[in-house]
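Listed below are the residues making up each chain.
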Amino acid sequence: MSDNLTLPAQQGSADASSPSPETLLTVEGLTKHFPIYGGFPIRRKVGAVQAVDGVDLSVGVGESVGLVGESGCGKSTTGRLITRLLEPTAGRITYAGQDITHATRRQLAPVRSEIQMIFQDPYSSLNPRQTVGTIIKSPMEVNGIEPAGGREKKVRELLELVGLNPEHYNRFPHEFSGGQRQRIGVARALALNPKLIIADEPVSALDVSIQAQVVNLLQKVQDELGIAFVFIAHDLAIVRHFSQRIAVMYLGKVVEVGDRDSIYNRPRHPYTHALLSAVPEVEIDAEEDSRERIRLSGDVPSPIHPPSGCRFRTRCWKAQDKCATEEPPLVQISGNRGGHLTACHFPEDPTTEDRGEDIVLDPALAALEDDAAK
Amino acid sequence: MTTLTKESGAPTSADAGAFLSVRDLRVQFKTEDGIVKAVDGLSFDLERGRTLGIVGESGSGKSVTNLTVLGLHNPQFATIDGEIVLDGQELITARERELEKLRGNKMAMIFQDPLTALSPYYTVGRQLSEPFMKHKGASKKEAKDRAIEMLTKVGIPQPKVRFDDYPHQFSGGMRQRAMIAMALMCDPDLLIADEPTTALDVTVQAQILDLLKDLQQEFGSAIIFITHDLGVISKMADDLLVMYAGRAVERGAMKEVLGAPRHPYTWGLLSSMPRLNSDIHQALTPIPGSPPSLLNPPSGCPFHPRCAFRSEVPGTLCTDTRPPLGAGRAAACHLTAEQKQTIFIDKIQPRLR
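Residues numbered from 1 in each chain as written. Chains lettered and ligands numbered in written order. Predicted model: local features only at pLDDT ≥ 70, side-chain atom pairs only at ≥ 80, totals over all residues.

## Concerning the interface of chain B and chain A
We apply this condition: Any residue pair is listed as a contact if its two C-beta atoms, each placed from the backbone, are within 7 Å. A helix here means a DSSP run of H or I that spans at least four residues, while a strand means a run of E at least two residues long, and both kinds are numbered starting from the N terminus. We call Asp, Glu, Lys and Arg charged. Ala, Val, Leu, Ile, Met, Phe, Trp, Tyr, Cys and Pro are nonpolar, and the rest, Gly among them, are polar.
Counting from both sides, the interface comprises 47 residues of chain B and, opposite them, 43 residues of chain A. Listed by contribution, the elements that provide at least two residues to the side of chain B that touches chain A are helix H7 (172-184), helix H8 (202-219), helix H9 (230-236), helix H10 (254-259) and helix H11 (264-272) of chain B. Broken down by element, the residue count for the side of chain B that touches chain A peaks at twelve residues, all from H8 of chain B. Residues that form the side of chain B that touches chain A fall into these classes: 19 nonpolar, 18 polar and ten charged.

## With respect to the UniProt feature "domain: ABC transporter" (unreviewed entry) in chain B
Keep this limit in mind: UniProt positions are given in the numbering used here, feature names are shortened, and annotations may be inferred rather than shown by experiment.
Mapped onto this structure's residue numbering, the UniProt feature "domain: ABC transporter" (unreviewed entry) falls at residues 22-270 of chain B. Structurally, residues 22-270 of chain B comprises 41% helix and 27% strand, and the distance from its first C-alpha atom to its last is 27 Å.

## Considerations on the sheet that holds strand S1 (residues 23-38) of chain A
Residues and elements named next belong to chain A. This is how the line gets drawn: Two strands are counted as paired when DSSP detects at least two bridges linking them. A fitted line through C-alpha atoms serves as each axis, taken over the contacting stretch for helices, and the angle formed by two N-to-C directions is quoted from 0 to 180°.
The four strands lie next to each other as S2-S1-S4-S5, forming an open sheet whose pairing is antiparallel. The open sheet is flanked by strand S2 (44-60) and strand S5 (98-99), the only strands paired with a single partner. As paired strands, S1 and S2 are joined by 13 bridges and run antiparallel to one another. The partner of Thr26 across the bridge, within S2, is Ser58. In the packing of helix H1 (residues 75-82) onto the sheet, contacts are made with S1, S2 and strand S4 (90-95), and the angle to S1 comes to roughly 115°.

## So, unusual backbone geometry
The cut-off we apply is this: With C-beta atoms placed from the backbone, the exposure class of a residue follows from how many other C-beta atoms lie within 10 Å of its own: 20 or more, buried; 12 or fewer, exposed; in between, partly exposed.
A cis amide bond links Phe40 of chain A to the next residue, Pro41 of chain A, at an omega of 0°. Among the secondary structure elements, Pro41 of chain A is positioned in the loop between S1 and S2. Here Asp87 of chain B, not a glycine, exhibits a phi torsion of approximately 50°, which is positive. Turning to its location among the elements, Asp87 of chain B is positioned in the loop between strand S4 (78-86) and strand S5 (89-90). For Asp87 of chain B, a count of 16 C-beta atoms within 10 Å gives the class partly exposed. For Ala245 of chain B, which is not glycine, the phi torsion reads 50° and is therefore positive. Looking at the secondary structure, you find Ala245 of chain B in the loop between strand S9 (239-244) and strand S10 (247-253). Given 24 C-beta atoms within a 10 Å radius, Ala245 of chain B is considered buried.

In structure tokens, the structure reads:
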């Protein structure tokens, strides 16, 4: 591992505005429907949870792609489909030129070691009956990899790399704090020298002061080892900090994708606007807050019966008849930079500045604010 | 009740002006491994119509404090010391019968997870009506009218139909709205919100926060708002209390504490979180180490093992002496006022932009 560390960072500047020329992973029309069974006495399929419904995504070599959205939007399912922990219903996953959508176990074996995963909950993703050494060593054992100097030496190097004491080799997970456990998870993911890591909410379960430690560790890993990341999170500020390109998901679909600057400063999709506006930022002066204020009403609809046409239309302030009948394609809208795609019939202006008038769709909130204004 | 070791029974409010006044509160739990000092000498005041934000990491004692205010600890397991005075009434020595009259009436709570806080066995309407009937002596009909009024107020569509629904038929955001409606049923003077939006999505969180703020203006309740999210607290609080290892380490008006913080822990919290407009090339500055165990808290200042500015304090002051938290705007730190100011301006502020 130590010689790998001297590799030049594959991603030059952290602010690459277009996808890397060399594509590592391509996902086209990826779909996952979970069947719902019901009925008596004969159980039949009565419906499907359309968790992921036609997602297109690409990840370049050494690039970090952020996947954001609210719970139930399918971001975790997408991650699990890419790692082939779930079998896709439809679509195509191409990894390094090889179609792995329905690859068999044996075909997948060489690819599996290159795509690793970091899970959200550091408490349930480590086997409590195994020592740290065994946990980090087992991916090498499964794949029959014998690094120079032996597996134990490699594990100790990995522990050092993620900021843990190599002498903790024989300790059990319960002896570590949450942040340290997440470091063990990172070390395990790095054990096979992966090219792509799917990080599914890697810091959400951690305390604020510990989150930054793990984010910095992941960033160091990405810079020094040139590993590509799919970074799944709901915290928009952390995704912005970590990812060069970001895809915003809503109800199983990507509604907007683009480089960091386009998504955070020049968003076009109303949902991206609403999401950014809802982030609570530390603002000491209310007047200082120059961001637009958008308050949606209600929750995300059920993915069992998603709205027709544009899925966001039930909570959108710009929705018209066209939105209900015609599904907007994910395309580059005029005025957008290359690689910035938006799926909307009536896109917003590319700014997050205050528009002079708040958009408050929540009826209770609107009523209370009307009363207060009078 | 033998564990209640309060000496003076008579309510002696230290600050007559405050609506809620907590003085030198200590809560300890006996466990197999030893005594956990969950709250260790905490004092604060809250006035009517104001919002006090309490921030801190998990295990800093913020939830324990507020469960103590409501009298929800089992005296068999918890040792509670100190003084809590709500509107002239001492709560720690109060009998269970008296607390029952206050809970849900004069003081109410919004819990973090509405699915576990609402009973799955009763309809939402019945759960809303119950406290109103108990405390206000209202009839079933009156309570139902009030419940529907409150459900409308918090934005539940079709409140008349939803009155007879069970909690599982509500979505996450709606359940939290129902919780808020339940807490506001008896028009409480004190509302304790314990991480009310942590389990929600950001767009729903923004709705709920604005709703709470607008409802507070209408009802004029005092709110204690507990969260670990500094962004959320900056939207809600008038005053702020930063807690660490069961103690308050910094206190003051929210704008002052977040705008010109004086404690190294507050500096650490602020510089470890990225913002939407921060410089992406600047690495985050985490607080090293992890929060201490409350079984065996560090000597002196509990933050000293993680503090980056310990060397600025002469001698072994940090490891030996616990820094006191003065009255009003204050930070419990041995650094001098000038040192705090220069460190914040020279080293911390550049990180926040």
